[in-house]
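# Observations on chain architecture
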Amino acid sequence: MGTYTAHMNTNKKFFIAKVMADTSTYLVKLMDETFLYGKEVIIRSEQGLLFAHITSFPFSDRTNFTNHSKADFVRYATDDDKTLQIEVEAQAKLIKKEVSGLSKELSLNMNITHVLATLDSKSLTICYTAKGRVDFRQLLKILRTRLSERVILRQIGKKQRFESFHIDERLPMNTHFR
């Protein structure tokens, strides 16, 4: 992917960032850094430090982006950040497998789609699909005893599942569903 460099002027300080395997997009304020389109960035959200990709050009008016979560720009991703992200993704796959097994043991009618782990080990978001409501209190109790991170269970719909790019490794990152 090519890199677009734009020296920031005072009126274009925002961009949209997308986290791999997350159903949210983030509105990020870029301070006085040079804007690099398509680069990976480290952002700080409510959940913790996340590895994200810039998916927009810079813009100045954020009023049209109220449906995006807000995050702070920390830095452009370094090689160490990229290595850490690979390790975090591997750990998230193991946690997904463990949670899937636990949900079956507890006879919960839920399908664990993916796990989003933060780089700073602050939280884990476990996304799942289910028909109807799921009483996951027992699962949450077990997970809280086994994991040191804050655990968030988030039910997502099929549309959100497909909006989240690169959840399924068999799909290229730029696959779009209509």
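A brief structural summary.

Analysis parameters
All residue numbers here refer to positions counted from 1 along the written sequence of the relevant chain. For this predicted model, a pLDDT threshold of at least 70 governs which residues receive local features, and a threshold of 80 or more governs which side-chain atom pairs are given and counted, while totals over whole chains, interfaces and linings are taken from all residues. Water and hydrogen atoms were dropped before computing side-chain values, which therefore reflect all heavy atoms in the structure. A pair of strands counts as paired when DSSP detects no fewer than two bridges linking them. Helix numbers and strand numbers start at the N terminus; a helix is a DSSP run of H or I with at least 4 residues, a strand a run of E with at least 2. What counts as an axis is a line fitted to C-alpha atoms, over the stretch in contact for a helix, and the angles between N-to-C directions run from 0 to 180 degrees. Should any heavy atoms of two residues lie within 4.5 Å, those residues are counted as being in contact. Multiplying one less than the number of residues by 1.5 Å gives the expected span of a helix. Type-normalised accessible area, obtained with a 1.4 Å probe on protein chains alone, sets the label of each residue: buried when under 20%, exposed when over 50%, and partly exposed for intermediate values.

A few words now on the sheet that holds strand S9 (residues 123–129). With respect to topology, three strands assemble into an open sheet ordered S8-S9-S10, the strand pairing being mixed. A single partner strand is all that each edge strand has here, and the edge strands are strand S8 (111–117) and strand S10 (150–155). Averaged over all pairs of adjacent strands, the angle between their axes in this sheet comes to 20°, without regard to strand direction. Summarising the sheet, S8 and S9 pair through six bridges and their orientation is antiparallel. If you follow Val115 over to S9, its bridge partner there is Ile126. Lying on the sheet, helix H1 (residues 79–105) is in contact with S8 and S9; it crosses S8 at an angle near 150°.

What follows concerns H1. Look at H1: 40 Å from first C-alpha to last across 27 residues, which is about the 39 Å you get at 1.5 Å a residue. Regarding H1, the residues found buried are Asp81, Gln85, Val88, Ala92, Ile95, Val99, Ser100, Leu102 and Ser103. Summarising the contacts, the buried residues of H1 are in contact with strand S5 (40–44), strand S6 (49–54), strand S7 (69–76), S8, S9 and helix H2 (137–146). Positioned one or two residues after H1, Ser107 has a phi angle of 55°, which is positive.

Following the sequence through the fold, Leu102 ends up in helix H1. Spatially, the C-alpha atoms of Leu102 and Gln138 are 9.9 Å apart, while their sequence positions differ by 36 residues. With residues up to four places along the chain from it excluded, the contact list for Leu102 reads Leu139, Ile142, Leu143 and Arg146.

Right, let's talk about the pairing of S6 for a bit. Every other side chain in a regular strand lies on the same face of the sheet, so the side chains alternate between the two faces. Of all six residues making up S6, six are buried, and the element is well covered by its neighbours. In S6, alternate side chains face the same way, and those of Leu49, Phe51 and His53 on one face and Leu50, Ala52 and Ile54 on the other are all buried. Here strand S2 (residues 14–19) pairs with S6 via three bridges, running antiparallel. Of the residues in S6, the one forming a bridge with Lys18 is His53. Looking at chain direction, S5 and S6 are connected through five bridges and run antiparallel. In the strand pairing of S6, Val41 is matched with Ala52.

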